[in-house]
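Given next are the chains, with one letter for each unit.
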Amino acid sequence: MTDNNDNVVDIFTKTPKEGDTLRQRFFKGFQYVKLTKDENGNYFKEEDLRAYAQKTFYIVTVMKNNGLGVALYKYKVPYESLLDFFNKFRHNESYGEIIDIERYVPEDLA
């Protein structure tokens, strides 16, 4: 696994300036940032975000002990099944420890 953090801006360490639209907030103990516009300054469109989500997959890496040691299992999980996948581990229907989640959007070849 590689860390591709060279071009990533950590918005959670940014100190807000007066008039800054990015403010750090917390919800039930989790830090979040509210975004209303894309990188080009355009407001998000609900239908575009849903269409993007529908073609998105997540590669979930799970570490499991297979008796001889540990192994990594990589699962390709579609967006609409992500919560169901997590619940399999939460409700002990599957074993292992989720150690990485990557977003994967297949290229549209058409």
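So, here's what we can say about the structure. Residue numbering note: each chain is counted from 1, following its sequence as written. Whole-chain, interface and lining totals are the exception, using all residues; otherwise, since this is a predicted model, local features are given only for residues with pLDDT of at least 70 and side-chain atom pairs are given and counted only at 80 or more. Values shown for side chains rest on all heavy atoms present in the structure; no hydrogens or waters enter the calculation.

Comments concerning the sheet that holds strand E3 (residues 57–65)
We apply this condition: Paired strands, as defined in this entry, are two strands with at least two bridges between them according to DSSP. Secondary structure elements are taken from DSSP: a helix is a run of H or I of four residues or more, a strand is a run of E of two residues or more, and numbering for both begins at the N terminus. Angular values range over 0 to 180 degrees, each being the angle between N-to-C directions of two axes fitted as lines to C-alpha atoms, with helices fitted over their stretch in contact. The contact criterion used is simple: two residues touch if any of their non-hydrogen atoms lie within 4.5 Å.
Ordered by their spatial adjacency, 3 strands build an open sheet running E4-E3-E5, and the pairing between neighbours is antiparallel. Edge positions in the sheet fall to strand E4 (70–78) and strand E5 (97–104), since each has one partner strand and no second. For this sheet, the mean angle separating the axes of adjacent strands, direction not counted, is 20 degrees. Lying on the sheet, helix H2 (residues 82–90) is in contact with E3, E4 and E5; it crosses E3 at an angle near 10 degrees.

Looking at the packing of aromatic side chains
Inclusion rule: Here the aromatic set is Phe, Tyr and Trp, taking the six-membered ring for Trp, and pairing holds for ring centres within 6.5 Å; pairs whose planes are under 30 degrees apart are stacked, those over 60 apart are edge-to-face, and all others are tilted. Residue exposure (1.4 Å probe, protein chains only): buried if accessible area is under 20% of the type maximum, exposed if over 50%, otherwise partly exposed.
This model, assessed by the stated rule, comprises 4 aromatic pairs. Taking the centre distance of 6.4 Å and the plane angle of 50 degrees together, the rings of Phe57 and Tyr104 count as tilted. Taken together, the positions of Phe57 in strand E3 and Tyr104 in strand E5 put the pair 47 residues apart, joining distant regions of the chain. Since its relative accessible area comes to 37%, Tyr104 is described here as partly exposed. Taken together through their ring pairs, the aromatic side chains of Tyr75, Phe85, Phe86 and Phe89 make up a single cluster.

Section: the pattern of salt bridges
Our working rule: Salt bridges are defined as contacts in which a side-chain nitrogen from Lys or Arg sits within 4 Å of a carboxyl oxygen from Asp or Glu.
Evaluated as defined, the whole model comprises 3 salt bridges. Where Arg50 meets Glu46, a salt bridge forms, and the shortest distance between an N and an O atom there is 2.6 Å. Remark: Glu46 and Arg50 occur in helix H1 (residues 46–54); sequence separation between them is 4 residues, near one turn of the helix. Taken as a pair, Arg50 and Glu46 share a single burial class, namely exposed. Here Lys74 ties to Glu102 by a salt bridge, and the two come within 3.8 Å at their closest N and O atoms. Taken together, the residues span a long stretch of sequence, with Lys74 in strand E4 and Glu102 in strand E5 at a distance of 28 residues. A relative accessible area of 48% places Lys74 in the partly exposed class.

Quick look at a nonpolar patch on the surface
To keep things clear, this is the line we draw: Like-charged residues within 9 Å of one another, or nonpolar side chains (Val, Leu, Ile, Met, Phe, Trp, Tyr) within 5 Å, are grouped into patches, provided each residue has over 30% relative accessible area and no salt bridge. Per-residue accessibility takes into account occlusion by the displayed protein chains alone, with areas from the Shrake-Rupley method and a 1.4 Å probe.
A grouping of Leu35, Phe44 and Leu49 is seen on the molecular surface, where their side chains present a nonpolar patch of about 280 Å² in accessible area. Inspection of the secondary structure assignment puts Phe44 in the loop between strand E2 (30–33) and H1. We classify Phe44 as partly exposed; its relative accessible area is 36%.

Details of the pairing of E3
Side-chain positions along a regular strand alternate between the two faces of the sheet. Of the pairings in the sheet, the one linking E3 to E4 comprises 9 bridges and is antiparallel in character. If you follow Phe57 over to E4, its bridge partner there is Pro78. Here E3 runs beside E5; their pairing, made up of 7 bridges, is antiparallel. Pairing of Tyr58 across the sheet is with Arg103, part of E5.

Notes on the nonpolar core
Selection criterion: The nonpolar core is taken to be a set of buried Ala, Val, Leu, Ile, Met, Phe, Trp, Tyr and Cys residues, with the residues joined through side-chain atoms within 4.5 Å.
With 7 residues, the main nonpolar core is built from Tyr58, Val60, Val62, Val77, Leu82, Phe85 and Phe89. Listed by contribution, the elements that provide at least two residues to this core are E3 and H2. Those residues within four positions of Leu82 in sequence are excluded, and the remaining contacts are Tyr58, Val60 and Val77.

Just distances and angles here, no functional claims.
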